[in-house]
Amino acid sequence: MHIPDSFMPLSQAMIYWVIALPFIFMSVKWARKELDDTKVPILAALAAGIFAIQALNIPIGMGTSGHMIGAALVAIIFGSPFAGVLVLTLVLLVQGFVFADGGITVMGANILNMGVISGFLGYYTFVALRKSKLSITISAFIGAWLGLFVSALACAVEMYIAGTFPLAAGLTAMGLYHLIIGFVGEGLITAIVITAIQKSRPDLLDNSFLSAESGGVTA
Amino acid sequence: MSEIMSENNMKFLYAGIAIALLISVLAPFIASQDPDGLESASYDVIDEVKMAAMEEMDPVFESPVPDYAIEGHGKTGEVVAIVSGTLMMLVIAFVIGKLVKK
């Protein structure tokens, strides 16, 4: 879902930077407050893992493929959507500048879609489902899936405003492909990783359940 | 207590690096070559002339390793590119984490 520079006029690309920047700024503030020496290795491992998994396109049929984004996964592990914004911003910077994967002027839009929208929606859906007593595996799956799906719809709307996509056909195509990518690439992998962490390192997920924000729901 | 957690988090880091490197090495061989969701959608909804014009636009920034490929080095080049990117990501996130942490 990496928008290239040619898909959006510069003036609009700047607007998405203006929207994305406060989230990036707040993600740094989050790190200043929450990140300590013991958690830096977790952040580094997740950043490396997400860069690698984004190179692994999974076929979804219809001559199309897709890959995981990972913002929801990072947000669930750290118990804050800002962790997802921070990691996705770093990943998109390296992908854009080193590998020409995603544009430079449109990076603000890509950070907004993949870091902010998929991370926030994925995380808060996960928290809401946990509060209604759904299992951690199911909650992670649905949250991650919904986050990816809605970020693809947002991307389609941005493409419409940019004059690149027609509205209805753009929403239909982006929605259809990412509905499936969200199941396979985002939901399934997020659910597997979160379940594995819950079994091997339940302490890592403490923040996801015990913070006041998530209603103090315990695992 | 904190020492045990710190040690366990280092184990998480090593496991994470191992998984990330494994994916990086395998990706060029097993990843689908089909266009991704956004690209595929753009072929569906943008007419050919406009699409061709957009694809021919000069990049805003000349990336050193466009499309995770090193010219003339095939799959080996792709493995080197993705492994390098993964290691770069590891170092960047570690350094940024150390710099901004509380």
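About the criteria used
Residues numbered from 1 in each chain as written. Chains lettered and ligands numbered in written order. Predicted model: local features only at pLDDT ≥ 70, side-chain atom pairs only at ≥ 80, totals over all residues. Heavy atoms only, no water. Patch = residues over 30% accessible without salt bridge, like charges linked within 9 Å, V, L, I, M, F, W, Y side chains within 5 Å. Areas by Shrake-Rupley, 256 points an atom, 1.4 Å probe, with all protein chains shown as cover. Salt bridge = Lys/Arg side-chain N within 4 Å of Asp/Glu carboxyl O. Helix = DSSP H or I, 4+ residues; strand = E, 2+ residues; numbered from the N terminus. Buried < 20%, exposed > 50% of the residue type's maximum accessible area, 1.4 Å probe, protein only. UniProt positions renumbered as here; feature names shortened; annotations may be inferred. Contact = heavy atoms within 4.5 Å. Phe/Tyr/Trp six-rings, centres within 6.5 Å; stacked < 30°, edge-to-face > 60°. Axes fitted to C-alpha atoms, helices over the stretch in contact; angles between N-to-C directions. Parallel < 35°, antiparallel > 145°, perpendicular 65-115°, else oblique. Nonpolar A, V, L, I, M, F, W, Y, C, P; charged D, E, K, R; others polar. Buried area = accessible area lost by both parts, 1.4 Å probe. Polar contact = N/O pair within 3.5 Å; in protein donor to acceptor, adjacent residues only side chain to side chain. pLDDT = per-residue confidence, 0-100.

All names here are of chain A. Among the surface-exposed residues, L179, F183, V184, L188 and I192 lie close enough to one another that they form a single nonpolar patch of about 400 Å² accessible area. The topology assignment puts I192 in helix α7 (residues 167-200). Assessed through its relative accessible area of 54%, I192 is described here as exposed.

The subject of this paragraph is the UniProt feature "domain: PDGLE" (unreviewed entry) in chain B. Under the UniProt annotation, "domain: PDGLE" (unreviewed entry) lies at residues 11-102 of chain B. In residues 11-102 of chain B, the share of helix is 71% and the share of strand is 0%. The end C-alpha atoms are 22 Å apart.

What follows covers the environment of A:A13. Relative to the elements of secondary structure, A:A13 occurs in helix α1 (residues 10-34). In this structure, A:A13 is in contact with A:M8, A:T105 and A:V106, ignoring residues within four places of it in sequence.

All names here are of chain A. Summed over the entire model, instances satisfying the criterion amount to 12 aromatic pairs over all chains. Taken together, a centroid distance of 5.6 Å and an interplanar angle of 80° make the contact between F23 and F120 edge-to-face. Of the two residues, F23 sits in helix α1 while F120 sits in helix α5 (residues 107-131), which places them 97 residues apart along the sequence. In this structure F23 comes out as partly exposed when scored by relative accessible area, which is 22%. Measuring from centroid to centroid gives 5.1 Å for Y123 and Y124, while their planes differ by 70°, and the two rings are edge-to-face.

Here A:Q12 is to be found in helix α1. In contact with A:Q12, other than residues within four places in its own chain, are A:E158, A:I161 and A:A162.

Axis separation between helix α2 (residues 40-53) of chain A and helix α1 (residues 2-30) of chain B bottoms out at 8 Å; the angle between their running directions is 10°. If you check the angle between α2(A) and α1(B), you find them roughly parallel. Counted together, A:P41, A:I42, A:A44, A:A45, A:A48, A:G49, A:A52 and A:I53 of α2(A) and B:N9, B:M10, B:F12, B:L13, B:G16, B:A20, B:I23 and B:S24 of α1(B) form the full contact between these two elements. Class assignment for the residues of the contact of α2(A) with α1(B) results in 12 nonpolar, 4 polar and no charged.

What follows deals with the interface of chain B and chain A. Many descriptions give the size of an interface as the accessible area lost when the pieces come together. Listed as interface residues are 55 residues of chain B and, on the opposing side, 67 residues of chain A. In total, chain B and chain A occlude about 5000 Å² of area from one another, counting both sides; carbon and sulfur atoms represent 72% of this. Ranking the residues of chain B by area buried against chain A places B:F12, B:L38 and B:Y68 at the top, with a combined share of 15%. Linking chain B with chain A are 2 salt bridges, by the criterion used here. Note that B:K98 is salt-bridged to A:D37, the shortest N-O span being 2.6 Å. At the boundary of chain B and chain A, one finds 21 residue pairs in polar contact (both at pLDDT 80 or more). Mapped onto the side of chain B that touches chain A, the elements with two or more residues apiece are α1, α2 (37-45), α3 (48-56) and α4 (74-100) of chain B.

The subject of this paragraph is the UniProt feature "transmembrane region" (unreviewed entry) in chain B. All names here are of chain B. On the UniProt side, "transmembrane region" (unreviewed entry) is annotated at positions that read residues 12-31 and 79-100 here. In residues 12-31, the share of helix is 95% and the share of strand is 0%. The end C-alpha atoms are 25 Å apart. A distance of 31 Å separates the end C-alpha atoms of residues 79-100, which is 100% helix and 0% strand.

Before going further, it helps to spend a moment on the UniProt feature "transmembrane region" (unreviewed entry) in chain A. Residue and element names in this part refer to chain A. Sequence positions flagged by UniProt for "transmembrane region" (unreviewed entry) are, in local numbering, residues 7-28, 40-60, 72-98, 104-126, 138-163 and 175-197. Along residues 40-60, the helical share is 67% and the strand share 14%, with 35 Å between the first and last C-alpha atoms. End-to-end, the C-alpha atoms of residues 138-163 are 38 Å apart, and along that stretch the chain is 92% helix and 0% strand.

The next thing to look at is the confidence of the model for chain B. Across chain B, the average pLDDT comes to 94, with 99% of residues at or above 70. By mean pLDDT, α3(B) is the weakest element of chain B at 90, and α4(B) is the strongest at 97.

Inspection of α2(B) places B:G37, B:L38, B:S40, B:A41, B:S42 and B:V45 among the buried residues, and these make up the whole buried set. Those residues of α2(B) that are buried are in contact with β2 (64-66), α6 (136-161) and α7 of chain A together with α3 of chain B.

All names here are of chain A. Take G102: it is sitting in the loop between α4 (81-99) and α5. Of the residues examined, G102 reaches a relative accessible area of 13% and is grouped as buried. Taking the C-alpha atoms as reference, G102 lies 8.3 Å from M1; in sequence the two are 101 residues apart. Beyond its immediate stretch of four places on either side in the chain, G102 contacts H2, I3, G96 and N110.

So, on to the environment of A:K39. Of note, A:K39 is situated in the loop between α1 and α2. Sequence separation of A:K39 and A:I77 is 38 residues, and the distance between their C-alpha atoms is 11 Å. The contacts of A:K39, once residues within four sequence positions are left out, are A:E34, A:F78, A:N207 and B:N9.

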